Amino acid sequence: MVEKIEEIVREASRLMLTDHFRVDSKGGSENLVTSSDYAVQEYLCSKLSELVPGSSFLCEEEGMQDYGDHEYVWIIDPIDGTMNYTRGIRECAISVALKKDGELFAAVVYSPAAGEMFTAEKGKGARYNGNTIHISDRKFRDALFCTAWSTYRKEWAPVCMDIINDVYYRINDIRRFGVASLELCYLACGRCELYFEYRLQPWDIAAGSLILQEAGGILRTLHGKPLTYKCPELVIGANSEENFAELSSTIDRYIEETAY
Ligand code: IPD
Ligand code: CA
Ligand code: CA
């Protein structure tokens, strides 16, 4: 199944390889959509519904947001990192997850500019360009922390900044790549150790989550609770239980103070 999804995603990525795309705003100059996002989504939906007839779709762009419970549900971000894409910055990815009976079952995250293909199937491990990957064993003090500060809802930025300010002095450094799905894959293959975003949509995280968990990592919401992948959620990731506990206790404390 994963190989077939991979093939469809590679084909879809050709639609991103153009300089002639239209850029529209989805309410705010930070939240963009391009004609490539629509083209990739349309292609994926048509090919993936042929692959799994009767499956339903939860996709970022309009008209494809079915949150109901079905046996097979695709969760798709046609271009994660759209702002990067519009500026010619390489960090952007196609993110496709398949849920089966309510559980994440298969995942593909593909960064066409870098030629990086991350995949996972439930219980079968995670792969990078075909090779098995695993999280790093770095401790909190040596961790690289991928995060962001609530780009689309800037009223939530101060609490993100407070958390980052608290964590920064206890770790190695911070990265803000602007592409959540890929950052979770970076965590999965040991390029970074910690992850936090205040609110992410199911399509930002579903595929990256399975890849990370199959690589031995952790992705949960506040107070260590499981993510639902059905609504916007606060997201915390780490390479180990120890590092997760350290990061999430800091986040829980700030969030409680601001009455999340
Ligand atoms: C965004 C990216 C970004 C994250 C935003 C997401 P988009 O997705 O994943 O890293 O900080 O919260 O919405 O809009 O480029 O698909
Ligand atoms: Ca996204
Ligand atoms: Ca997107």
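Here, every reference points to the structure presented above.
In this report, the structure presented in the accompanying data block is examined. Since the structure is predicted, the reported quantities are computational estimates derived from the model, not experimental observations.

Rules behind the numbers
- Residues numbered from 1 in each chain as written.
- Chains lettered and ligands numbered in written order.
- Predicted model: local features only at pLDDT ≥ 70, side-chain atom pairs only at ≥ 80, totals over all residues.
- Heavy atoms only, no water.
- Near = heavy atom within 4 Å.
- Polar contact = N/O pair within 3.5 Å; in protein donor to acceptor, adjacent residues only side chain to side chain.
- Areas by Shrake-Rupley, 256 points an atom, 1.4 Å probe, with all protein chains shown as cover.
- Helix = DSSP H or I, 4+ residues; strand = E, 2+ residues; numbered from the N terminus.
- Donors = N, O, S within 2.8 Å, 3.2 Å for Na, K, Ca; no water.
- Buried < 20%, exposed > 50% of the residue type's maximum accessible area, 1.4 Å probe, protein only.
- Salt bridge = Lys/Arg side-chain N within 4 Å of Asp/Glu carboxyl O.
- Core = buried A, V, L, I, M, F, W, Y, C linked by side-chain atoms within 4.5 Å.
- Expected span 1.5 Å × (residues − 1).
- Arc of directions from axis to C-beta.
- Contact = heavy atoms within 4.5 Å.
- Pairing = 2+ DSSP bridges.
- Axes fitted to C-alpha atoms, helices over the stretch in contact; angles between N-to-C directions.

**Thoughts on the site of ligand 1**
Logical step 1: Taken together, 15 residues are adjacent to ligand 1, and Asp-80, Gly-81, Tyr-152, Gly-178 and Glu-197 come closest.
Logical step 2: The contact in question runs from an oxygen atom of ligand 1 to an N or O atom on the side chain of Glu-60, over 3.2 Å.
Logical step 3: A distance of 2.7 Å separates an oxygen atom of ligand 1 from a polar backbone atom of Gly-81.
Logical step 4: Calculation on ligand 1 without its partners gives an accessible area of 380 Å², and the protein chains cover 93% of this total.
Logical step 5: Within the residue set of the shell around ligand 1, elements represented by two or more residues are strand E4 (72-80) and strand E12 (194-200).

**Describing the coordination of the calcium ion (ligand 2)**
Logical step 1: Protein coordination of the calcium ion (ligand 2) is provided by Asp-77 (OD), Asp-80 (OD) and Asp-204 (OD), with donor distances spanning 2.1 to 2.4 Å.
Logical step 2: For the calcium ion (ligand 2), the single-chain donor residues occur in sequence as D-x2-D-x123-D.
Logical step 3: Separating the calcium ion (ligand 2) from the calcium ion (ligand 3) is a gap of 3.8 Å, bridged by Asp-77, which donates to each. Taken as a pair, Asp-77 in strand E4 and Asp-204 in helix H6 (residues 202-214) lie far apart in primary sequence, 127 residues in all. Summarising the burial analysis for this pair, Asp-77 and Asp-204 share the class buried.

**Let's talk about the pattern of salt bridges**
Logical step 1: Within the structure shown, the criterion is met by 13 salt bridges.
Logical step 2: Residues Asp-24 and Arg-22 are paired through a salt bridge, measuring 3.1 Å at the closest nitrogen-oxygen approach.
Logical step 3: For Asp-24, a relative accessible area of 30% translates into the label partly exposed.
Logical step 4: Two residues, Glu-193 and Arg-138, come together in a salt bridge whose shortest N-O distance is 2.7 Å. Of this pair, Glu-193 sits in the loop between helix H5 (180-188) and E12 while Arg-138 sits in the loop between strand E9 (131-133) and strand E10 (144-147), and the two are 55 residues apart along the sequence.
Logical step 5: Look at Glu-193 and you get buried, because its relative accessible area is 1%.

**A closer look at the coordination of the calcium ion (ligand 3)**
Logical step 1: Here the calcium ion (ligand 3) is held by Glu-60 (OE), Asp-77 (OD) and Ile-79 (O), and the distances to it run 2.1 to 2.3 Å.
Logical step 2: Along the chain, the residues donating to the calcium ion (ligand 3) are arranged with the sequence spacing E-x16-D-x1-I.
Logical step 3: Among the residues examined, Asp-77 registers a relative accessible area of 0% and is labelled buried.
Logical step 4: Classification of Ile-79 as buried rests on a relative accessible area of 1%.

**Here's the deal with the nonpolar core**
Logical step 1: By size, the foremost hydrophobic cluster in this structure holds 38 residues, and its most contacted members are Ile-75, Val-109, Tyr-195, Ile-205 and Ile-211.
Logical step 2: At the level of elements, E4, strand E5 (93-100), strand E6 (103-111), strand E7 (116-121), E10, H5, E12 and H6 are the ones that each hand at least two residues to this core.
Logical step 3: Within the second largest apolar cluster, 26 residues are counted, among which are Leu-44, Ile-79, Cys-92 and Ala-106.

**Some points on helix H2 (residues 35-51)**
Logical step 1: A rise of 1.5 Å per residue sets the reference length of H2, with its 17 residues, at 24 Å; its end C-alpha atoms lie 24 Å apart and thus fit the reference within 8%.
Logical step 2: Every buried residue belonging to H2 is among Ser-36, Asp-37, Val-40, Gln-41, Leu-44, Cys-45 and Leu-48, and all of these are buried. Angular distribution of buried residues about the axis of H2 spans 155°; they occupy a single face of the element. Residues of H2 that are exposed and point more than 90 degrees away from the buried face comprise Glu-42 and Glu-50.
Logical step 3: Those residues of H2 hidden inside the fold are in contact with helix H1 (2-13), strand E2 (32-34), strand E3 (56-59), E4, helix H3 (82-87) and E5.
Logical step 4: You can read the cap of H2 off the contacts: a side-chain oxygen lies 3.1 Å from the backbone nitrogen of Ser-36, and it is on Thr-34.

**Some words on helix H4 (residues 157-168)**
The α-helix winds at 3.6 residues per turn, so residues separated by three or four positions along the chain end up facing the same way.
Logical step 1: Here H4 contains 12 residues, and its C-alpha end-to-end distance of 16 Å stays within 8% of the 16 Å for a straight helix at 1.5 Å per residue.
Logical step 2: Among the residues of H4, those classed as buried are Ala-157, Val-159, Cys-160, Ile-163, Ile-164, Asp-166 and Val-167.

**Let's talk about the sheet that holds E3**
Logical step 1: An order of E3-E4-E5-E6-E7-E8-E9 is seen for the 7 strands of this open sheet, with the pairing classed as mixed. Of all strands in the sheet, those with a lone pairing partner are E3 and E9, marking the two edges. Ignoring strand direction, the axes of neighbouring strands in this sheet form an average angle of 20°.
Logical step 2: Two strands pair when backbone bridges link them, and E5 and E6 are joined in this way by 7 bridges, in the antiparallel orientation. When the sheet's bridge partners are listed, Lys-99 is paired in E6 with Leu-104.
Logical step 3: Of the strands in this sheet, E4, E5, E6 and E7 touch H1, which is tilted by about 35° from E6.

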